[in-house]
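Spelled out, the chains give:
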Amino acid sequence: MSAGDLGAAALRAALFLSLWGTGAAIYAAWRRDARALHSARIAAGIGFALVVLAALSMMFALATHDFSILYVAENNARETPLFYSVISLWAALEGSILLWTAILAGATAFIAVRGTVAIPRLATTALAVMFAMLTFFLLLITTPAADPFARLALAPDNGNGPNALLQNHPLMALHPPLLYLGYVLTSVPFAYAIASLILGEGGDRWLVATRRFALISWALLGVGIVAGAWWSYAVLGWGGYWAWDPVENAAIMPWLTSTAYLHSVMVEEKRSLLRTWNLALVVATFALTILGTFLTRSGVVNSVHSFSLSAIGPLLLGYLVAILVLSVGLLLWRSGRLRDAGPIGAPLSREAIFLFQNVLFMAATLTVLLGTLYPLVAEAISGAQLSIGGPYFDRVEIPLALALLFLMGVGPQLPWHGASRATLERQFTAPIVAAAAGAVAALVTGTTALAAVLTYALGAFVIATVVQEFARGVRARRTLHGEDGVAAFSNLLRRSGRRYGGYVVHLGIVVVALAVATSQARTVDAERTLAPGESLQVAGYTVRLDAVRAVSEPQRESIVADLVVTGNGANQDLRPALVQYPSSAQAVGSPGIGAGLRDDVYTILAAYDQRTLSWATIRMRVIPGVSWLWLGGAVVGIGAVIAGAPPPRRRVVRMPIAEVAAPAK
Amino acid sequence: MVVRVAIVVALLGLVITLGLAFRRDPHDIRTGTVGKPAPAFTLQRLDGSGDVALADLSGKVVVVNFFASWCLPCTEENPALVRVYERYRSSNVVMLGVNYQESRENGLAYVRRMGMGWTTVADTDGRVALSYGVFGPPETFFIGPDGVIAGRHIGPIDEATLVTGIETLRTRAAR
Amino acid sequence: MNGRVLVAIALLVLAGALVFAARPHEATADERIDQITTELRCPVCQGLSVKDSTSETARQMRDLVAQRVREGKTNAEIEAEFRTAYGDWIFLSPPLSSWSGLVWLVPVAVIAAGLGLVSARLRGPGAPAPTAPSAAQVAALRERVAREEAAEG
C-alpha cells in the first residue's frame with residue numbers, strides 16, 4: 001500500500017470517527033451519559049492520530065517524489081530539496097487544508113481528553129461543536145474539490161515543483177504553520193461560547209475555561225503575522241513587509257478582534273459586564289478566520305497568496321453562512337439571559353478605556369474588511385472597477401493605530417470605576433514628559449513625518465507607563481516580601497504573569513510601531529546600472545558591484561550579482577539574484593539583504609546584460625530600523641508566554657513564609 | 001432592536017457580496033481607452049527603416065497588437081495574426097505590431113523567426129503601451145478609420161475574433 | 001520642580017514638535033514623484049504601488065511620472081493622464097469625487113456608531129460613584145475565586 005492510499009484511507013476513517021464523535025458528544029451532553037462521552041473521547045483521540053498519519057503520509061509522498069499523487073506532481077519535483085519537499089505540505093490548497101484539519105483534530109482531542117474533566121457538560125457540548133467543525137473539514141478534504149490524495153492515472157516522470165516563491169526561503173517552514181495554528185485555535189473559544197449559549201448559561205465559565213486558548217491563538221496569530229511580514233520582506237523583493245494584500249488582511253482581521261476580546265474580557269471578569277459583546281467578539285474572530293480562508297482560497301480576490309480558482313469556494317461560503325446563522329441566531333435568542341448589571345463607569349476609568357479601545361479595534365477591523373471587499377461590491381453594483389490598496393488603508397489605519405497606542409498607555413494607568421485628579425497626576429506626569437522627549441528624539445534623528453513623530457511620542461509615553469508599572473511593582477514586592485530587585489522583578493513576571501506579561505506585550509507592540517514608523521518615514525531608494533567595479537552611494541552606504549555571474553543548481557538557474565556594501569560601519573557581501581525555476585515562466589527576484597540594528601541595506605538585481613553579463617541594474621533601498629520589527633514581534637511572543645504561563649501553585653506562594661519561620665540551615 | 005436588525009442586514013449584505021463574487025473573474029480588467037480617440041504616437045520601425053506615425057494611417061482600419069518575444073501567449077496567437085494579415089494585406093486594413101519591453105535586436109529576431117510580415121515598431125520606453133492602458137502582452141486594439149478605439153482584446157486572440165473586429169469596422173466605414 | 005509645571009512644559013514641547021513636523025512646505029520634485037507613484041497601482045503586480053514595484057512596467061511608469069514632473073505638470077494633470085488610460089482602477093485609493101469615495105466613510109461611521117453605543121453605557125457625571133460592593137457581589141466574587149482556584153488545581 002502506498003503512502004497515498006494510506007493517507008486517503010486514514011482520512012476516510014477519521015471522517016467516520018468524527019461523525020461518530022459528533023453524535024456521541026451530542027448524546028453525552030444531552031443525556032449526561034458517561035459512556036457516550038468516553039466513546040467520543042476515544043473517537044477524538046484516534047481521529048487525531050489518523051489525520052496526523054494522513055499528513056505524515058503526504059509529507060512522505062512529497063519527500064519520496066510520488067508523482068502518482070496529483071498534489072505531489074503539481075507541487076514537487078525530483079530536484080526539490082528534502083526540506084522544501086516536506087514543507088510543501090502547506091505549499092498549496094489541498095495540503096494546507098490537510099494541515100488545518102490536523103490542527104483542528106488536535107484541538108478536538110485536547111478538549112475531549114482534558115476539557116471534559118473539569119466542567120463536563122459545557123466542555124462536552126463544546127466538544128460536539130468541535131467535532132461538527134472537524135467533520136466539515138474532513139468532508140472537504142475527502143471530496144474531489146480539495147482531496148490531497150487525488151491520483152493521476154499516469155504518473156509523470158517529474159513534477160512541476162513548488163511555486164517559486166515558496167521554495168526560496170526557510171521562513172516558509174515557520175510562517176504558515178504558526179498562522180494556521182492561530183487560526184484554528186480560535187475555534188476553541190468559539191466552541192465553548194456556542195456551547196454556553198446552547199446551554200443557556202448566563203455566566204462566564206466558558207470564558208474562564210478558554211482564557212488560555214484565546215491568548216495562545218492570539219499570540220500565534222500575531223507572531224505568525226510578523227513572521228509572514230518577515231517572509232514577504234525576505235522573499236518578495238520589493239523591500240517592504242506589508243502591502244495590505246488580501247491574505248495579509250485576512251490574517252490581521254481576526255488578530256484585531258482577538259486583541260479587542262483579550263481586553264474587553266477583563267471587563268467581564270472584573271465587573272461582570274459586556275457578556276454579549278464578548279461572545280460576539282469570539283464569534284467574530286472565528287468567523288473572520290473562515291472568511292479570510294474563503295477570500296484567499298476561493299480565488300475571488302487577487303492576491304500573492306491566492307491559490308487558483310477553486311471548487312471549494314462555495315463549500316467554504318456555505319460553512320461560513322452556517323456558522324453565522326448558528327451563532328448570530330443563538331446570540332439573539334439568548335441575549336435576554338446575558339443582561340449586564342448597570343452602567344459601565346466613568347469616562348476616565350479602565351473599563352471605559354477598554355470600551356473606547358474596542359470601538360477603535362472594530363473600526364480598524366471593519367475598515368480592513370470593507371476595504372478588501374469594496375472592489376467586489378462596487379463591481380457588482382455598477383460594473384466599475386477600482387482598487388483599494390496601501391494608500392487607503394494607511395490613511396485610515398495609521399490614525400486608528402496611533403489612537404490605540406495612546407489608549408495603550410492610558411488604560412493600564414487608570415483604576416477601575418474611575419480616577420481622581422490626584423491619581424491622574426501621579427500616573428501621567430512621567431509619561432507625558434517622556435512623550436515630549438520622544439517627539440524631540442524623532443526630530444533629532446531626522447524622522448520628521450508627522451505620523452512618525454506622533455509614533456515616537458506615543459511610544460515613549462507607553463514605555464514610560466510600563467517602566468513606571470514595573471518600578472512600582474518591584475518596589476512593592478521589596479517592601480512587602482523583602483525580596484531583592486532581581487527576585488522581585490522575576491516574581492512579578494511569574495506570579496502576576498497575566499498583568500506584567502501583558503505589559504511586556506505592550507512593549508513589544510511599541511517596538512513594532514517604532515520600527516514601522518522609522519522604516520516608513522526614512523526609507524531611501526536608488527537605482528543604477530553598474531559595470532563591475534562601479535558603485536552606487538545611498539544614505540552613507542556604498543554598494544560596489546564586483547561581478548555578475550550565472551549559477552547552476554539542480555533545481556534552479558540563477559544570475560547572481562556580487563555586491564560589497566561599505567559605510568556606516570558596515571562591510572558586507574550581498575548577493576541579490578534572479579532565480580529561474582523550471583516551473584515558472586518568469587524569473588523571481590531574490591533580494592540581497594544586509595540586516596542591521598540601525599539600517600537594512602536591501603538590494604535587488606533588477607536587470608542584467610543577458611549576453612555577456614557585463615552590467616547589472618541594481619535597485620537599492622536603505623530601510624532604517626526594520627530589524628526591530630521582527631524583534632518586537634519576538635517580544636510580543638515572549639510577553640504572551642509570560643502572560644499565559646500557569647502561575648506557581650499556591651503552596652509555592654507560601655514558601656517564603658515557611659522559610660522565614662524555619663531556622664536557618 | 002435597531003442594532004440587531006442592523007447586524008443581521010450587514011451580515012446578509014456580506015454573504016450576498018461574497019456570493020456575487022463568484023461571478024467575477026479577478027483577472028478580467030476592463031479599462032479606460034475603448035470608445036476614445038486612439039492616443040497618437042510616432043515610433044521607430046524595429047528594422048530601423050524610419051518611423052511610423054498613427055496619424056498617417058487615419059482613414060484606415062488599424063489593428064494594433066502589443067507583443068514580445070518573452071511572452072508565451074504571443075507565440076500562441078501569432079499564427080492567427082499571420083493568417084488574418086495575409087487575408088487583409090491588400091485592403092485598407094493595417095496591422096501594426098508594437099514590440100513591448102525588450103531590446104530591438106530580440107524583437108527583430110522574433111519578428112523574423114515568426115514570419116511577421118506586417119509593420120512592427122519599437123516602444124522602447126513603454127510610453128505608447130502606458131497611454132493605451134496596456135497591462136501586458138498580448139493585447140490587441142481595433143482602431144476605426146475615424147481614429148477611435150472601437151475594441152480591445154486582452155490575452156491571446158484567435159482568428160474569428162480578429163476578423164469580427166476588423167469586419168465590424170469596415171462595414172461601419174462603408175456606411 | 002512642581003509636577004504641574006513640568007507637565008505644562010512637556011506639553012508645550014510636544015505641541016511644538018508636532019507643529020514643526022506638520023508645517024506646510026513646498027514638495028520637492030522627488031517628493032512629488034513619490035506622492036504620485038505611491039498612489040498608482042502597478043498594472044502587472046498583485047496590488048503593489050508603482051513606487052514599490054520592481055517590475056519593468058512600474059519602472060517605465062516612474063520614468064513617465066518623473067518626466068511629467070520635470071515638464072511642470074501638476075499632480076492632477078499627471079493623474080488624469082493615467083486615469084484616461086487605465087480608469088479609476090489605477091489608483092490605490094478610490095477618488096473622493098465619485099460615489100466610490102463612500103468607502104472613506106466606513107471608519108468614521110463605525111467610530112460614530114461605537115462611541116454612541118459606548119457613551120449610552122457610561123455613567124453620567126451626576127450618577128453616584130461606586131460604593132462598597134453589596135453582599136451579593138461579594139458572594140459572587142468569593143464563589144468565583146473558589147472556582148478558579150479549583151480550576152487551577
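Now for a description of the structure that goes with this document. Nothing here was measured: the structure is a model prediction, and the numbers come from that model. (Residues numbered from 1 in each chain as written. Chains lettered and ligands numbered in written order. Predicted model: local features only at pLDDT ≥ 70, side-chain atom pairs only at ≥ 80, totals over all residues.)

1. So, the overall build of chain B
Part 1: Assigned secondary structure in chain B consists of five helices and seven strands.
Part 2: Its helices and strands taken in sequence order, chain B reads α-β-β-β-α-β-α-β-α-β-β-α from the N to the C terminus.
Part 3: Relative to the globule expectation of 16 Å for 175 residues, the C-alpha radius of gyration of chain B, 20 Å, shows a markedly less compact shape.
Part 4: Taken along its principal axes, the extent of the C-alpha atoms in chain B is 75 × 40 × 25 Å.
Part 5: By residue count, 35% of the 175 residues in chain B fall in the buried class.
Part 6: For chain B, the proportion of contacts with a sequence separation of at least 24, taken over those separated by at least 6, is 72%. (Helix = DSSP H or I, 4+ residues; strand = E, 2+ residues; numbered from the N terminus. Rg over C-alpha atoms; globule rule 2.2 N^0.38 Å. Buried ≥ 20, exposed ≤ 12 C-beta atoms within 10 Å, placed from the backbone. Contact = placed C-beta atoms within 7 Å.)

2. Describing the sheet that holds strand S7 (residues 149-154) of chain B
Residues and elements named next belong to chain B.
Part 1: One open sheet accounts for five strands, arranged S5-S4-S3-S6-S7; its pairing is mixed. Of all strands in the sheet, those with a lone pairing partner are strand S5 (119-123) and S7, marking the two edges. In this sheet, adjacent strand axes meet at a mean angle of 20° when their direction is disregarded.
Part 2: Note: strand S6 (residues 139-143) against S7, five bridges, orientation antiparallel. Within S7, the residue paired with Glu139 across the bridge is Ile154. (Pairing = 2+ DSSP bridges. Axes fitted to C-alpha atoms, helices over the stretch in contact; angles between N-to-C directions.)

3. Overview of unusual backbone geometry
Part 1: Along the chain, Pro137(B) connects to Pro138(B) via a cis peptide bond; the corresponding omega equals -5°.
Part 2: Position of Pro138(B) among the secondary structure elements: in the loop between helix H4 (127-132) and S6.
Part 3: Phi is positive for Arg32(A), which is not a glycine, with a value near 50°.
Part 4: Relative to the helices and strands, Arg32(A) resides in the loop between helix H1 (3-31) and helix H2 (34-63).
Part 5: Given 12 C-beta atoms within a 10 Å radius, Arg32(A) is considered exposed.
Part 6: Although it is not a glycine, His65(A) sits at a positive phi angle of roughly 50°.
Part 7: Mapped onto the fold, His65(A) is located in the loop between H2 and helix H3 (70-75).
Part 8: Look at His65(A) and you get partly exposed, because 18 C-beta atoms sit within 10 Å.

4. As for the interface of chain C and chain A
Part 1: Between chain C and chain A, the residue contacts involve 46 residues of the former and 60 residues of the latter.
Part 2: Among the elements of the structure, helix H1 (3-22), helix H2 (29-39), helix H5 (105-121) and helix H6 (135-152) of chain C are those that each provide at least two residues to the side of chain C that touches chain A.
Part 3: Per element, the largest residue contribution to the side of chain C that touches chain A is twelve residues, and it comes from H1(C).
Part 4: For the side of chain C that touches chain A, the residue count by class is 28 nonpolar, eleven polar and seven charged. (Nonpolar A, V, L, I, M, F, W, Y, C, P; charged D, E, K, R; others polar.)

5. Some details on the packing of H2(C) against helix H3 (residues 56-70) of chain C
Axes are the key here: two packed helices are described by the angle between their axes and the distance separating the axes.
All names here are of chain C.
Part 1: Contact geometry for H2 and H3: axes closest at 10 Å, N-to-C directions at 135°. Regarding the angle of H2 to H3, the classification is oblique. H2 and H3 meet at a crossing whose hand is right-handed. Along the contact surface, H2 presents Ala29, Arg32, Ile33, Ile36 and Thr37, while H3 presents Arg62, Val65, Ala66 and Val69. (Parallel < 35°, antiparallel > 145°, perpendicular 65-115°, else oblique. Left-handed = near helix turned anticlockwise from the far one by under 90°.)

6. Some words on the nonpolar core
Residue and element names in this part refer to chain A.
Part 1: If you look at the biggest cluster of nonpolar residues, it comprises 313 residues, and the most contacted ones within it are Ala40, Ala126, Leu127, Met130, Ala435, Ala457 and Leu605.
Part 2: When residues in this core are grouped by element, the largest group, 19 residues, is from helix H9 (residues 205-235).
Part 3: Apart from residues lying up to four places away in sequence, Ala126 is in contact with Ile111, Gly115, Ala191, Tyr192 and Ala195. (Core = buried A, V, L, I, M, F, W, Y, C linked by C-beta atoms within 7 Å.)

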